[in-house]
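The primary structure of each chain is shown beneath.
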Amino acid sequence: MEHSKQTTGGARPVRRVVIAGGGTAGWMAAACISKVLGKRLDIKLIESDEIGTVGVGEATIPTLVHFHKLLEINEQEFMAATKATFKLGISFEGWRNVKEDYIHSFGMTGTDHWTAGFQHFWHKGRERGLAGDYGDYCLELRAAQEKRFAHLPRDGMNYAYHLDATAYARFLRQFSERHGVQRIEGKIVDVTTSALTGHIRSITLDSGADIEGDLFIDCTGFRALLIGQAMKVDYEDWSQWLFNDSAAAVQTMSVGEAVPYTRSIAHGFGWQWRIPLQHRVGNGIVFSSRYAGEEQAIQALMDNVEGEALMKPRVIKFTPGQRRQVWKGNCLAIGLASGFLEPIESTSIHLIQRSIVRLMQMFPSDGISQSDVDEYNKQAWTEIEHIRDFIILHYHVTNRGDTPYWRDARNMDVPASLRHKIDLFRETGRVFRISNELFAENSWIQVMLGQGVMPASHHQAADLMGDIELSQFLGSIKGSIDKTVSQLPSHQQYVERYCKSPM
Ligand code: FAD
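The following paragraphs examine the structure supplied in this document. (Residues numbered from 1 in each chain as written. Predicted model: local features only at pLDDT ≥ 70, side-chain atom pairs only at ≥ 80, totals over all residues. Heavy atoms only, no water.)

**Some thoughts on the overall build of the protein chain**
Phase 1 of the analysis: Within the protein chain one finds 16 helices and 22 strands.
Phase 2 of the analysis: Relative to the globule expectation of 23 Å for 503 residues, the C-alpha radius of gyration of the protein chain, 23 Å, shows essentially globular dimensions.
Phase 3 of the analysis: With the C-alpha coordinates aligned to their principal axes, the bounding extent of the protein chain is approximately 75 × 50 × 45 Å.
Phase 4 of the analysis: Within the protein chain, the fraction of its 503 residues that count as buried is 58%.
Phase 5 of the analysis: Just so you have it, the protein chain exposes about 20800 Å², and 48% of that area is on carbon and sulfur atoms.
Phase 6 of the analysis: Averaging the locations of the 54 positively and 59 negatively charged side chains of the protein chain gives two centres separated by 2 Å. (Helix = DSSP H or I, 4+ residues; strand = E, 2+ residues; numbered from the N terminus. Rg over C-alpha atoms; globule rule 2.2 N^0.38 Å. Buried < 20%, exposed > 50% of the residue type's maximum accessible area, 1.4 Å probe, protein only. Areas by Shrake-Rupley, 256 points an atom, 1.4 Å probe, with all protein chains shown as cover. Lys, Arg positive; Asp, Glu negative; His and termini not counted. Charge placed at Lys NZ, Arg CZ, Asp CG, Glu CD.)

What follows is the structure in structure tokens.
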């Protein structure tokens, strides 16, 4: 984009929505807005085939299942179209220490008592030699270990998807166009704002066309053409806690059955993902340029992929952090334009979805009010801070000390909110979810135990149980999970039966 110019103009009822960018963020926004308000709005989406999308972002979390339900998207059609597989969690390999692994699954572990979470009973069982691994009491985790999957009655299995990002955008494009969205191919070269209101008046394309609107949604990815360049909203850099600022991605042929989890394999200066789809595997390494050069990182990636590479590794640079405001004037940023932490817990697509749902709840049909904008920004900021803390946890709490990267992560000062959570768990075994926080107690517990924090004590409620009672309690949970898992089909078989892509 060359420059931004200003004219006069004012805020008005929102009838014309312009979405700039057609990656996952742009098309998810287009799909949802058109499905809900398509009959009342004029919705345009501008994208440039020449520029393309970031091309990664293929692991999701269970909230996407709900998003699709809101849009009444048929799961089998979606999965076949995006060559998707099921995801039950993330396998963290070498994170606690070299060669020590754990799974953060999407399931609930054990059964809580109202006074005390299951971890207290498990902790006592562990002390008394009566309990197995914490993960033995979680259905999704055990199913992941056994590489099995099936839908269970009453939503008895929590899951997400691995999907082909390019195919997902295509799928959502068809959906959106059916609901009235007009796609415009072209490169954005200019953004005109009003000198009076500071609002965006129009976007100019390389063809010379001016696209006017009432509400502009910036989905232009890391370029942030609207929120950053035109509206000049600053970016808060969190690289003091999140060291990674680079990634290299490569797709490979599948060589075996698709496992129902993302693999996250730690390296001395970052980590590597493996995302199994029906037709290929997505791989990438996320690393810090302070600790490793590009060539070194790519070498580490290529030494650890299975199957023939389908492309040359592609390097992506980013600054971990968040825009100070995601909504300013009549411009709302969604997706990478609004910020990016890093992909370790697959939270980015979830945040896109949250941004869209929040927009629908506050849709400014009668004109944009500053109190809506302030509320939106406040909610978005709180949400991202919680996720930031959860991500920092993975690096800070580790027994690894084999490289400067891990030593520095272990020794860094973390945000006070995170420090408190870790100390509370370490001393008492307690975890409390802050309202609206994405990651619930059980996620924090799985990751803290997985990363090597063992609480010093447990709640008295667990002490009220004698050994026999406790043993029966733990045994009955484990027995019922083992039985269910043994009856599940293999994940690969299930995908082939349920949603096989025509390829
Ligand atoms: P993009 O995909 O970059 O789309 C930007 C759009 O804007 C494109 O259509 C482009 O053509 C258009 N555009 C840009 N400039 C112009 C212009 N001048 N004119 C016209 N159009 C323009 N998220 C997850 O949830 N799970 C993951 O596993 C995950 N892994 C990731 C791994 C890495 C290494 C990275 C960097 C990100 C990952 N993410 C992940 C984040 C995820 O990729 C993004 O949130 C998601 O793809 C949305 O991207 P986007 O639509 O905001 O941007």
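**Quick look at the pattern of salt bridges**
Phase 1 of the analysis: Following the criterion strictly, the structure yields 31 salt bridges and no others.
Phase 2 of the analysis: For the salt bridge of E146 with R142, the shortest nitrogen-to-oxygen distance reads 3.2 Å. A residue pair is termed a helical-turn pair when its members lie 3 or 4 positions apart in one helix, as E146 and R142 do in helix α5 (residues 139-146) at four residues.
Phase 3 of the analysis: On the accessibility criterion, E146 (37% relative accessible area) is partly exposed.
Phase 4 of the analysis: By relative accessible area, which is 15% here, R142 ends up buried.
Phase 5 of the analysis: As a salt-bridge pair, E437 and K421 come within 2.9 Å of each other at their nearest N and O atoms. (Salt bridge = Lys/Arg side-chain N within 4 Å of Asp/Glu carboxyl O.)

**Digging into the sheet that holds strand β15 (residues 262-267)**
Phase 1 of the analysis: Read across the open sheet, the seven strands follow the order β6-β5-β15-β16-β17-β14-β18; overall the sheet is mixed. Looking along the sheet, the strands with just one partner apiece sit at the ends: β6 (100-105) and β18 (314-317). In this sheet, adjacent strand axes meet at a mean angle of 20° when their direction is disregarded.
Phase 2 of the analysis: Of the strand pairs in this sheet, strand β14 (residues 246-253) and β18 are connected by four bridges, and their pairing is antiparallel. Residue pairing across strands places A249 opposite R314, the latter belonging to β18.
Phase 3 of the analysis: Where helix α8 (residues 294-302) meets the sheet, its contacts fall on β14, β15, β16 (270-276), β17 (280-287) and β18, and the angle it forms with β17 comes to roughly 145°. (Pairing = 2+ DSSP bridges. Axes fitted to C-alpha atoms, helices over the stretch in contact; angles between N-to-C directions. Contact = heavy atoms within 4.5 Å.)

**Quick word on the side chain of N330**
Phase 1 of the analysis: Along the chain, N330 falls in the loop between β20 (327-328) and β21 (331-333).
Phase 2 of the analysis: Under the relative-accessibility criterion, N330 is labelled buried at 3%.
Phase 3 of the analysis: Of note is the side chain of N330, whose polar atom sits 2.7 Å from the backbone nitrogen of I200.
Phase 4 of the analysis: In this view, N330 contacts H199, I200, G213, D214, L215, F216 and I368; residues no more than four positions away in its chain are not counted. (Polar contact = N/O pair within 3.5 Å; in protein donor to acceptor, adjacent residues only side chain to side chain.)

**A few points about the sheet that holds strand β3 (residues 42-47)**
Strand-to-strand pairing in sheets goes through backbone hydrogen bonds, with the strands running parallel or antiparallel.
Phase 1 of the analysis: If you trace the six strands from one edge of the open sheet to the other, you get β8-β3-β2-β12-β21-β20, paired in mixed fashion. With one partner strand each, in any of the chains shown, β8 (182-185) and β20 form the two edges of the open sheet.
Phase 2 of the analysis: Pairing between β20 and β21: two bridges, direction antiparallel. The residue bridging W327 from the neighbouring strand is L332, located in β21.

**With respect to helix α1 (residues 24-37)**
Phase 1 of the analysis: Taking 1.5 Å per residue as the helical rise, α1 with its 14 residues ought to reach 20 Å, and the 20 Å between its terminal C-alpha atoms agrees with that figure.
Phase 2 of the analysis: Most of α1 sits inside the fold, with twelve of its 14 residues counted as buried. (Expected span 1.5 Å × (residues − 1).)

**Some thoughts on the environment of I434**
Phase 1 of the analysis: If you trace the backbone, I434 turns up in the loop between α12 (416-428) and α13 (441-451).
Phase 2 of the analysis: Along the backbone, I434 and H386 are 48 residues apart, and their C-alpha atoms lie at a distance of 8.5 Å.
Phase 3 of the analysis: Sequence-distant contacts of I434, that is, excluding residues within four places in its chain, are made with H386 and K421.

**Points about the site of the ligand**
Phase 1 of the analysis: Every one of the 34 residues lining the ligand counts as a neighbour, but G22, A59, I188, L336 and I349 are closest to it.
Phase 2 of the analysis: A distance of 3.1 Å is found between an oxygen atom of the ligand and a backbone nitrogen or oxygen belonging to V54.
Phase 3 of the analysis: When the ligand is considered free in solution it has 1000 Å² of accessible area, and contact with the protein chains removes 97% of it.
Phase 4 of the analysis: Of all the secondary-structure elements, those providing two or more residues to the shell around the ligand are α1 and α9 (348-361).
Phase 5 of the analysis: For the shell around the ligand, the element with the most residues is α9, which contributes three residues.
Phase 6 of the analysis: For the shell around the ligand, the class distribution of residues is 16 nonpolar, 14 polar and four charged. (Near = heavy atom within 4 Å. Nonpolar A, V, L, I, M, F, W, Y, C, P; charged D, E, K, R; others polar.)

**With respect to the side chain of K83**
Phase 1 of the analysis: Counting through the fold element by element, K83 comes out in the loop between α3 (75-81) and β4 (85-87).
Phase 2 of the analysis: One buried charged residue, K83, remains without a salt bridge, the closest side chain of opposite sign being D164 at 5.7 Å.
Phase 3 of the analysis: Ignoring sequence-local partners within four residues, the contact set of K83 consists of L277, Q278, H279, S501 and M503.

**Comments concerning the packing of aromatic side chains**
Phase 1 of the analysis: Summed over all chains, the structure comprises 35 aromatic pairs.
Phase 2 of the analysis: The interplanar angle of 55° and the centroid separation of 6.4 Å between the aromatic rings of W95 and W271 together place this pair among those described as tilted. Here W95 is found in strand β5 (residues 89-97), whereas its partner W271 is found in strand β16, with 176 residues between them in sequence.
Phase 3 of the analysis: The class for W95 is buried, based on a relative accessible area of 0%.
Phase 4 of the analysis: Over the face of the ring belonging to Y376 we find R358, whose NZ or CZ atom lies 5.2 Å from the ring centre.
Phase 5 of the analysis: Just above the ring of W238 sits the side chain of R388; from NZ or CZ to the centre is 4.8 Å. (Phe/Tyr/Trp six-rings, centres within 6.5 Å; stacked < 30°, edge-to-face > 60°. Lys NZ or Arg CZ within 6 Å of the ring centre and 35° of its normal.)

**A look at unusual backbone geometry**
Phase 1 of the analysis: The backbone phi angle of E72 is positive, close to 55°, even though this residue is not glycine.
Phase 2 of the analysis: Positive phi, close to 50°, is recorded for S346, a residue that is not glycine.
Phase 3 of the analysis: Relative to the helices and strands, S346 resides in the loop between β22 (339-340) and α9.
Phase 4 of the analysis: Look at S346 and you get buried, because its relative accessible area is 8%.

Everything listed here is a matter of geometry and, on its own, says nothing about what the molecule does.
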